[in-house]
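Residue strings, one per chain:
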Amino acid sequence: MDDRIADHSTDQSDPADLPRLPFERSNPLDVPEMYRTLRTTAGDPGPHPGG
Amino acid sequence: MTRVRTQAGDFAWLVSGYEEARQAFADPRLGRSAPDPDRAPRISDSVLIGGPRGDVETEKAEHERMRRMLVPAFSARRMSALGPHVQELVDGLLDRMAEQPPPVDLREAFSLPLPVLVICELLGVPYDDRAYFRKLADAMTDLADRERAGAAKAELTGYTREILAGKRANPADDVFSDMATMDASDDEIASLAAGLLFAGHETTVNRIDYGVLLMLSNPSQRDALIADPSLTDAAVEEILRMAAPGNHGLPRYAHEDVIIGGVTIRRGEAVIIVTMSANRDERIFPEPDRFDIGRRIGEQQLSFGYAARYCIGASLARVELRSVFTTLFRRFPTLALAVPVEELVEREASLTGGFTRIPVTW
Ligand code: HEM
């Protein structure tokens, strides 16, 4: 386990910077585009200080 | 795994990939209760999924006890034995629909009454009470009005308590009669029973509606299904994979530090598992946004969850959906939406989502 990765979870960056639920979708038969973006950056814990 | 802000503004980990979703579902250190409930991040104002539920000390034992009480009543064998009767109900509802002049609201005429009829018969709840408990079920899933949702939940539990008392006096061959004799408090049984009445229909109604819309938007798939009914099981799994009513995920709280997908989730933090995203993971389902009933995906999709909390009604829902999709388009080959799909109105304030009406012609 890479500690640098694990450490991201402990940061308490301002939640205002984070993506906010629910994600928008253009059509109820689709799923929000945001999920694809998140899946394809899997393992990346997202914005963090200095990010 | 991504950090997000919930609808309530708190911080949570979002699980969007397939393997991570399975890992999260299967990890016993993630539960519905939170170690420090008063400080736990809130997901939304919803009564049902808004925050932690239960107590970390007792959650596992209570959950296992609940499953021991309910799982036998909904076994795959018992559900397939119900198949012929479900088929009669499907045929009967479609006969009545055919007698009406189109356009007809498919939801009102078919997709809502079917699961309600089935769950009423199975549980032993009077179908004539449907307008009453449906109103309560609707109020319970109100995301905007927490007080209304809470009051509805309490009222539904009161209603099932009365029914259970009746079953004790006059037992019948139904699930509520079995439950009435279980070794548990009245409150516990009534609340479980109310949960079944609720879980047992809203979810299935929406999968029927979404399945119809997916088929109508992909006529080659509909034609393939009409031509070869042996594709039904695969079609139902593909519908379950793609149907995404209710834009919400399943919440969990870490009871201790857990590493999932390379990140550490600290004790007390919230995790939201998004099955609609996991079901479109391109690493598992190539071209995930394509509706293709020819996929060989078995029962891999995660719409019923996975592992310890795997949906108790999955076999029942599958029996209903298979019956619906072997019959509907053979009976109404020219079925079409009576309005453009963009004009369908989503039940936005509702947890289970779906559409208010599905006007169809044929
Ligand atoms: C297509 C229809 C349905 C879908 C998509 C669905 C989906 C789900 C999902 C995702 C879960 C897991 C929740 C979690 O992990 O937190 C679940 C649990 C459950 N479902 Fe369903 N469900 C459906 C139909 C039904 C029916 C018909 C019943 C009725 C008997 C039912 C009863 C339950 C119960 C009692 C649980 C709780 C299981 C537990 O916590 O161990 N569901 N369902």
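Quick caveat, the model's predicted, so the values are computed rather than measured. (Residues numbered from 1 in each chain as written. Chains lettered and ligands numbered in written order. Predicted model: local features only at pLDDT ≥ 70, side-chain atom pairs only at ≥ 80, totals over all residues. Heavy atoms only, no water.)

## A word on the pattern of salt bridges
Residue and element names in this part refer to chain B.
Then step 1. Evaluated as defined, the whole model comprises 28 salt bridges over all chains.
Then step 2. The residue K167 makes a salt bridge to D174 at a minimum N-O spacing of 3.0 Å. Residues K167 and D174 agree in their burial class; the two are buried.
Then step 3. Through salt bridges with shared partners, a single network forms among D233, E237, E299, R318 and R322. (Salt bridge = Lys/Arg side-chain N within 4 Å of Asp/Glu carboxyl O. Buried < 20%, exposed > 50% of the residue type's maximum accessible area, 1.4 Å probe, protein only.)

## Brief notes about the state of the cysteines
Residue and element names in this part refer to chain B.
Then step 1. Under the counting rule described, the total for this entry stands at 0 disulfides over all chains.
Then step 2. Here C120 is not disulfide-linked; the sulfur of C311 is the nearest cysteine sulfur, at 17 Å.
Then step 3. Residue class for C120 comes out buried when judged on its relative accessible area of 2%. (Disulfide = S-S within 2.5 Å.)

## Describing the nonpolar core
Looking at soluble globular proteins, one finds that nonpolar side chains tend to be buried together.
Then step 1. Within the largest apolar cluster, 89 residues are counted, with the highest numbers of intra-cluster contacts made by F74, M97, F110, L123, V125 and M179 of chain B.
Then step 2. Among the elements that make up this core, the one with the highest residue count is helix 15 (residues 314-331) of chain B (9 residues).
Then step 3. With residues near it in sequence (within four places) discarded, M179 of chain B still touches L70, L164, I189, L192, A193 and L196 of chain B.
Then step 4. Counting residues in hydrophobic clusters, the runner-up holds 21 residues, among them L18 of chain A together with F11, V15 and A278 of chain B. (Core = buried A, V, L, I, M, F, W, Y, C linked by side-chain atoms within 4.5 Å. Helix = DSSP H or I, 4+ residues; strand = E, 2+ residues; numbered from the N terminus. Contact = heavy atoms within 4.5 Å.)

## Observations regarding the coordination of the iron atom of the ligand
Then step 1. Just one protein ligand coordinates the iron atom of the ligand, and it is C311 of chain B (SG) at 2.2 Å.
Then step 2. Mapped onto the elements of the fold, C311 of chain B is located in the loop between helix 14 (275-278) and helix 15. (Donors = N, O, S within 2.8 Å, 3.2 Å for Na, K, Ca; no water.)

## As for the packing of helix 11 (residues 202-217) of chain B against helix 15 of chain B
Residue and element names in this part refer to chain B.
Then step 1. In the contact formed by helix 11 and helix 15, the axes pass within 11 Å of each other and the chain directions differ by 35°. Relative to helix 15, the crossing made by helix 11 is right-handed. Packed against helix 11, whose contacting residues are T204, R207, I208, G211, V212, M215 and L216, the element helix 15 presents A317, E320, L321, V324, F325, L328 and F329 at the interface. (Axes fitted to C-alpha atoms, helices over the stretch in contact; angles between N-to-C directions. Left-handed = near helix turned anticlockwise from the far one by under 90°.)

## Some details on the site of the ligand
All names here are of chain B.
Then step 1. Around the ligand, the surrounding shell holds 23 residues, and the nearest of these are H63, R67, R252, R309 and C311.
Then step 2. One of the side-chain nitrogen or oxygen atoms of H63 is found 2.6 Å away from an oxygen atom of the ligand.
Then step 3. Here an oxygen atom of the ligand sits 2.6 Å away from a polar atom, N or O, in the side chain of R67.
Then step 4. Class assignment of the residues belonging to the shell around the ligand gives a composition of 12 nonpolar, 7 polar and 4 charged. (Near = heavy atom within 4 Å. Polar contact = N/O pair within 3.5 Å; in protein donor to acceptor, adjacent residues only side chain to side chain. Nonpolar A, V, L, I, M, F, W, Y, C, P; charged D, E, K, R; others polar.)

## Looking at the sheet that holds strand 8 (residues 270-273) of chain B
All names here are of chain B.
Then step 1. Taken in spatial order, the 5 strands line up as 1-2-8-5-3 in an open sheet, and their pairing is mixed. Each of the sheet's edge strands pairs with one partner strand only, and the pair in question is strand 1 (2-5) and strand 3 (30-31).
Then step 2. Pairing of strand 1 with strand 2 (residues 11-15) involves 4 bridges; the strand directions are antiparallel. By the bridge assignment for strand 2, V4 is matched with A12. (Pairing = 2+ DSSP bridges.)

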